[in-house]
Amino acid sequence: MSRVYDLVIAGGGAAGLTAAVYAVRSGLDFLLVDSSASMGSQIAQTDEVDNYTGIDSITGIELVQRFYDHANKLNAPMKNDTIKKITKQNELFSVECEGQTLLAKSVIFCAGAGHRKLGIKGENEFTGRGVGYCAVCDGFFYRNKTVVVVGGGNTAVTEAIYLSKICKKVYLVHRRDTLRAERALTKKLESADNIEILYSSELAQICGGNSVSSVILKNGKELECQGVFIAVGIVPRSEAIKDIADTDEYGFVLASESGKTSCKGLFAAGDVRTKSLRQIITACSDGANCIDSVNRFLNEGAQK
Ligand SMILES: Cc1cc2nc3c(=O)[nH]c(=O)nc-3n(C[C@H](O)[C@H](O)[C@H](O)COP(=O)(O)OP(=O)(O)OC[C@H]3O[C@@H](n4cnc5c(N)ncnc54)[C@H](O)[C@@H]3O)c2cc1C
């Protein structure tokens, strides 16, 4: 008979690696599965993290490496594979990966989120040829060039600040008349003399030949630029569980702090679940809380 794990942790970012640390300490028979062997977590896309308690400043790559090293040092079992679908039958979860199918009594789903697209002309056409979604990953290619960042939240402002250190000029295009980002970030933004903020503005089209050469705003204005970085929100990676768990209208898995979803034994942690603050520290908190919920769930089952 196939092995049945107490728990499969689906995703190895901030939430998943924290859950793994707590799962080892709880003595659970578990496996963490992550699709990326090289830091798939959004944390790795962050230039500098300065809001994780106890560490005043660290690069995203270093922080996720520390999370990984911590779990690894405890011999947390981890596997590199992509989860395609999770189903439930006869009280057991079947976690269908590209490489194999795993059976588990419970699942913590923490696959994080991806980038939301603008959906305008030129976006798909120039992706990888001037259009990007991660300044830390691609900013290097725009040294001394002019770029446009789209968005007004923490991520967009962080991207603009990062790019201002590399690029000649950065336009921040935001559709509202005020930024949504934290005050500490907007202060940094305002102190950069090569960032120009265009409020109440939206992109209509991205133009170019072999690569991006300009953007056209909805008011008709054209901005010459070589790069466009889009940071207009995130899309939850909840596809694999959409048939077994309820989500909100945007696809975020309906779950509270306990991680409990509409499907018994399935818990959701991190950016993929409904919550108001999606940060590293809240994802870690979710990971820890979910292990507490998993322990309670497995104990309930054992008492039956
Ligand atoms: C540019 C940027 C800057 C940010 N800056 C900050 C900051 O300064 N401070 C802060 O607190 N937060 C910041 N954040 C937010 C923070 O990174 C997230 O809130 C946090 O990483 C969420 O953790 P998570 O575990 O839910 O998801 P993630 O960390 O994204 O991890 C999800 C994991 O799931 C894996 N995965 C996905 N799909 C599958 C699948 N099908 N099968 C197997 N594995 C899968 C991925 O490989 C990944 O490792 C930033 C985010 C971005 C994008």
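Residues numbered from 1 in each chain as written. Predicted model: local features only at pLDDT ≥ 70, side-chain atom pairs only at ≥ 80, totals over all residues. Heavy atoms only, no water.

### Description of the nonpolar core
Where a protein is soluble and globular, its nonpolar side chains tend to be buried together.
Piece 1. In terms of nonpolar packing, the biggest core is built from 35 residues, with Leu7, Ile9, Leu63, Phe67, Ile108 and Ile280 touching the most fellow members.
Piece 2. At the level of elements, β1 (4-10), α1 (14-25), β2 (30-34), α2 (60-73) and α7 (280-303) are the ones that each hand at least two residues to this core.
Piece 3. Among the elements that take part in this core, α7 stands out by supplying eight residues, more than any other.
Piece 4. The contacts of Leu7, once residues within four sequence positions are left out, are Ala23, Leu28, Asp29, Phe30, Leu31, Ala104, Ser106, Val107, Ile108, Ile291 and Val294.
Piece 5. Among the nonpolar cores identified, the runner-up in size contains 24 residues, and Tyr5, Val8, Val33 and Ala255 belong to it. (Core = buried A, V, L, I, M, F, W, Y, C linked by side-chain atoms within 4.5 Å. Buried < 20%, exposed > 50% of the residue type's maximum accessible area, 1.4 Å probe, protein only. Helix = DSSP H or I, 4+ residues; strand = E, 2+ residues; numbered from the N terminus. Contact = heavy atoms within 4.5 Å.)

### Points about the pairing of strand β11 (residues 146-150)
Piece 1. The buried fraction of β11 is high, at five of five residues.
Piece 2. Side chains Thr146, Val148 and Val150 project from β11 onto one buried face, and the interleaved Val147 and Val149 project onto a second face that is buried too.
Piece 3. By the bridge criterion, five bridges tie β11 to strand β12 (residues 169-173) in an arrangement that is parallel. By the bridge assignment, Val148 is partnered in β12 with Tyr171.
Piece 4. Taken together, β11, helix α5 (residues 154-164) and β12 constitute a β-α-β crossover, and its handedness is right-handed. (Pairing = 2+ DSSP bridges. Right-handed = clockwise from strand over helix to strand, strands pointing away.)

### Examining the domain arrangement of the protein chain
Piece 1. What the domain assignment reports for the protein chain is domain 1 (4-114 + 234-303) and domain 2 (117-230).
Piece 2. Using only C-alpha atoms to locate each centre, domain 1 and domain 2 end up separated by 31 Å.
Piece 3. On the domain 2 side, the residues contacting the seven residues of domain 1 number nine residues.
Piece 4. Roughly 560 Å² is buried in total at the junction of domain 1 and domain 2, and carbon and sulfur atoms are behind 47% of that figure.
Piece 5. Scanning the region where domain 1 abuts domain 2 turns up one residue pair in polar contact (both at pLDDT 80 or more). (Domains from an automatic or database assignment. Buried area = accessible area lost by both parts, 1.4 Å probe. Polar contact = N/O pair within 3.5 Å; in protein donor to acceptor, adjacent residues only side chain to side chain.)

### Notes on the sheet that holds strand β10 (residues 131-132)
Piece 1. Here five strands make up an open sheet; going across it, the order is β10-β17-β11-β12-β13 and the pairing parallel. The open sheet is flanked by β10 and β13 (195-198), the only strands paired with a single partner.
Piece 2. As paired strands, β11 and strand β17 (residues 227-230) are joined by four bridges and run parallel to one another. Bridging across to β17, Val149 finds its partner in Phe229.

### A closer look at the environment of Gln65
Piece 1. As for its placement among the helices and strands, Gln65 is situated in helix α2.
Piece 2. Residues Gln65 and Gly151 lie 86 residues apart in sequence; the distance between their C-alpha atoms is 28 Å.

### Focus: the state of the cysteines
Simply put, disulfide is the name for a covalent bond between the sulfur atoms of two cysteines.
Piece 1. Under the criterion given, the structure shown has one disulfide.
Piece 2. Between the sulfur atoms of Cys134 and its disulfide mate Cys137 the distance is 2.1 Å. Taking the sign of the S-S torsion, 75 degrees for the link of Cys134 and Cys137, the bridge is right-handed.
Piece 3. Residue Cys137 is classed as partly exposed on the basis of its relative accessible area, which comes to 43%. (Disulfide = S-S within 2.5 Å.)

### Re the pattern of salt bridges
Piece 1. Following the criterion strictly, the structure yields 15 salt bridges and no others.
Piece 2. For Lys275, the salt bridge goes to Asp286, with nearest N and O atoms at 3.0 Å. Taken as a pair, Lys275 in the loop between β19 (266-268) and α7 and Asp286 in helix α7 lie far apart in primary sequence, eleven residues in all.
Piece 3. In the salt-bridge network here, residues are joined through shared partners; they are Lys85, Glu239, Lys242 and Asp243. (Salt bridge = Lys/Arg side-chain N within 4 Å of Asp/Glu carboxyl O.)

### Here we look at the packing of aromatic side chains
Piece 1. Per the stated rule, a full pass over the model turns up four aromatic pairs.
Piece 2. When the centroid spacing of 5.5 Å and the interplanar angle of 85 degrees are considered together, the rings of Tyr142 and Phe229 count as edge-to-face. You can see Tyr142 sitting in the loop between α4 (135-138) and β11 and its partner Phe229 sitting in strand β17, a full 87 residues away along the chain.
Piece 3. Accessibility expressed as a relative area gives 12% for Tyr142, which makes it buried.
Piece 4. Taken together, a centroid distance of 6.1 Å and an interplanar angle of 70 degrees make the contact between Phe267 and Phe297 edge-to-face. Residue Phe267 is located in strand β19, and its partner Phe297 is located in helix α7; the two are separated by 30 residues in the primary sequence. Phe297 matches Phe267 in its accessibility class, with the two residues each being buried.
Piece 5. Positioned above the aromatic ring of Phe252 is the side chain of Arg278, whose terminal nitrogen or guanidinium carbon lies 3.8 Å from the ring centre. (Phe/Tyr/Trp six-rings, centres within 6.5 Å; stacked < 30°, edge-to-face > 60°. Lys NZ or Arg CZ within 6 Å of the ring centre and 35° of its normal.)

### Here's the deal with the site of the ligand
Piece 1. In the vicinity of the ligand there are 32 residues, among which Ala15, Asp34, Ser41, Asp271 and Ile280 approach most closely.
Piece 2. For the ligand, a nitrogen atom lies 3.0 Å from a polar atom in the side chain of Asn51.
Piece 3. At 2.8 Å from an oxygen atom of the ligand is found a main-chain nitrogen or oxygen belonging to Asp271.
Piece 4. Of all the elements in the fold, those that place two or more residues in the shell around the ligand are α1, β2, α5 and α7.
Piece 5. Looking at the shell around the ligand residue by residue, the classes come out as nine nonpolar, 16 polar and seven charged. (Near = heavy atom within 4 Å. Nonpolar A, V, L, I, M, F, W, Y, C, P; charged D, E, K, R; others polar.)

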